[in-house]
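# Structure at a glance
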Amino acid sequence: MKKQLSILMILFTLVCFAQEENTTSEAQDLEKAIQNPIASLISIPFQNNTDFGIGPDNRTKNVLNIQPVVPLSLGENTKLIVRTIIPIVKQPIANDKSQFGLGDIALSLFFTPAKPGKLIWGAGPALGFPTAMDEVLGSQKWSAGPSVIGLIQPEGWTMGMLLQNTWSYAGASDRADVNFFYSQVFVTKNLPKGWYINTAPIITANWEATSGQEWTVPLGLGAGKLFKIGKMPLNGQVGYYNYVVAPDNGPGWQLRVQLNLLFPQ
């Protein structure tokens with residue numbers, strides 16, 4: 001546990017180099033936008049998730065998710081938010097070896113009101129593509145299903161949830177079918193000078209797994225800061241998550257490090 005906390009503290013200090021800024025209306029608007037996954041904000045998050053303690057040999061898996069988010073106007077009343085996840089995976093395999101490469105790309109399309117009320121929401125299809133460079137890095141299946149997101153942003157807070165489930169409809173006949181549930185609960189408390197604390201666990205279920213092996217449930221906390229390098233706004237954060245439920249030989253804990261490039265419209 002001491003080693004885990006030491007790693008988290010070291011990475012957390014990487015966020016602290018940013019210059020402190022006065023809180024302005026523009027800064028507050030940007031703070032709210034970075035906590036809203038379907039805001040009218042072009043962003044490119046680089047989210048690195050490292051899972052530790054996998055299997056009896058305590059192996060490590062690393063996934064760098066490149067997640068561009070692009071809002072598109074569909075008229076006066078509707079926006080389309082295009083969210084893509086491009087995973088770069090280092091997957092442990094037998095004999096202390098690992099496989100590295102591109103995993104399966106996922107795409108979510110959220111149709112959302114152009115002028116949301118207190119409840120900000122979006123809904124649309126979630127799509128999975130068999131782009132993995134190796135069979136151990138992906139499902140080799142095409143998949144699709146519904147996705148919905150909802151959140152509220154009372155003063156200084158963001159609270160919401162994303163839910164989706166995808167099913168395979170084509171792909172390699174010798175591979176297992178996909179019936180996969182994905183969710184993310186996110187709660188953020190904004191603090192002075194661009195700082196915030198948050199929790200955003202990714203909770204999943206593989207409905208094709210054997211009984212008792214379906215769920216993966218992490219719980220944890222993170223912290224981050226909105227800052228600028230020159231005129232470029234960025235959002236950096238680190239987080240620690242402990243897997244309270246995981247399949248046999250699943251991970252024990254996760255370290256998350258994320259940097260978002262922001263392009264306000």
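For every chain, the first residue of the written sequence is number 1, and numbering continues from 1 along that sequence. Only residues with pLDDT of at least 70 get local features here, since the model is predicted, and only at 80 or more are side-chain atom pairs given and counted; chain-wide, interface and lining totals rely on the full set of residues. Water and hydrogen atoms play no part in the side-chain values, which are based on all heavy atoms of the structure.

This paragraph deals with the overall build of the protein chain. Secondary structure summary: the protein chain contains two helices and 15 strands in total. Every radius of gyration here is taken over C-alpha atoms, with the globule rule written as 2.2 Å times N^0.38, N being the number of residues. Over its C-alpha atoms the protein chain spans a radius of gyration of 19 Å, differing by no more than 12% from the 18 Å that the globule rule assigns to 265 residues. By principal-axis analysis of the C-alpha atoms, the protein chain measures approximately 55 × 50 × 30 Å. A contact between two residues is defined here by any heavy atoms of the two lying within 4.5 Å. Of the contacts made within the protein chain by residues no fewer than 6 positions apart, 56% connect residues no fewer than 24 positions apart. Per element, the accessible surface of the protein chain, about 13,900 Å² overall, is 61% carbon and sulfur. Helix numbers and strand numbers start at the N terminus; a helix is a DSSP run of H or I with at least 4 residues, a strand a run of E with at least 2. Residue-level accessible areas treat just the shown protein chains as cover; the underlying method is Shrake-Rupley with a 1.4 Å probe.

Moving on, we get to the pairing of strand β11 (residues 195-199). As paired strands, strand β10 (residues 179-190) and β11 are joined by four bridges and run antiparallel to one another. Opposite V187, over in β11, you have T199 as the bridge partner. Only strands that DSSP links by at least two bridges are regarded as paired with each other. Where β11 lies against strand β13 (residues 215-229), four bridges are found, and the strand directions are antiparallel. In the strand pairing of β13, I197 is matched with A223.

When pLDDT is averaged across the protein chain, the result is 91; 90% of the residues are at 70 or more. Low pLDDT, under 50, characterises residues 14-23; the predicted model gives this stretch 19 contacts beyond four residues in sequence or across chains. A score from 0 to 100, pLDDT tells how confident the predictor is in each residue.

Looking at where P113 falls in the secondary structure, it is placed in strand β6 (residues 105-113). A sequence separation of 36 residues divides P113 from N77, and the C-alpha atoms of the two residues are 5.8 Å apart. Not counting chain neighbours up to four residues away, the residues in contact with P113 comprise N77, K79 and W121.

The subject of this paragraph is unusual backbone geometry. At Q140, a residue that is not glycine, the phi angle is positive and equals roughly 60 degrees. Relative to the elements of secondary structure, Q140 occurs in the loop between β7 (120-129) and β8 (141-152). A residue is classified by how much of its surface remains accessible, and Q140, at 31% relative accessible area, is partly exposed. Backbone geometry at N249 places phi at a positive 65 degrees, although glycine is not the residue there. When a residue's accessible area, from a 1.4 Å probe over protein chains only, is under 20% of the maximum for its type it is buried; when over 50% it is exposed; and in between it is partly exposed.

The next thing to look at is the packing of aromatic side chains. Between two aromatic rings, the relevant description is the distance of the centres plus the angle of the planes. Aromatic pairing here means that ring centres of Phe, Tyr or Trp (its six-membered ring) are within 6.5 Å. Orientation follows from the plane angle: under 30 degrees is stacked, over 60 is edge-to-face, and everything else is tilted. A full pass over the atoms with the stated rule returns six aromatic pairs. Ring geometry for F129 against W142: centres 5.9 Å apart, planes inclined by 85 degrees, an arrangement best described as edge-to-face. Taken together, the residues span a long stretch of sequence, with F129 in strand β7 and W142 in strand β8 at a distance of 13 residues. Accessibility expressed as a relative area gives 23% for F129, which makes it partly exposed. For the ring pair F181 and W215, a centre distance of 5.9 Å and an interplane angle of 70 degrees mean the geometry is edge-to-face. Taken together, the residues F181 in strand β10 and W215 in strand β13 connect sequence positions 34 residues apart. Three or more aromatic residues joined by ring pairs make a cluster, and in this case those are F52, Y240 and W253.

Together, L119, W121, I152, W157 and M159 make up an exposed nonpolar region whose accessible area comes to about 470 Å². Along the chain, the position of W157 falls in strand β9 (residues 157-171). For patches, a residue must show more than 30% relative accessible area and have no salt bridge; joins then use 9 Å for like charges and 5 Å for nonpolar side chains, namely Val, Leu, Ile, Met, Phe, Trp and Tyr. Here, a salt bridge means any side-chain nitrogen of Lys or Arg that lies within 4 Å of a carboxyl oxygen of Asp or Glu.

What follows covers the pairing of strand β2 (residues 59-66). As judged from the seven bridges shared by strand β1 (residues 41-54) and β2, these two strands associate in the antiparallel manner. Its bridge partner being in β2, N48 is matched across the sheet by L64. Count of turn residues in the β1/β2 antiparallel hairpin: four residues, of which G55 carries a positive phi of about 70 degrees.

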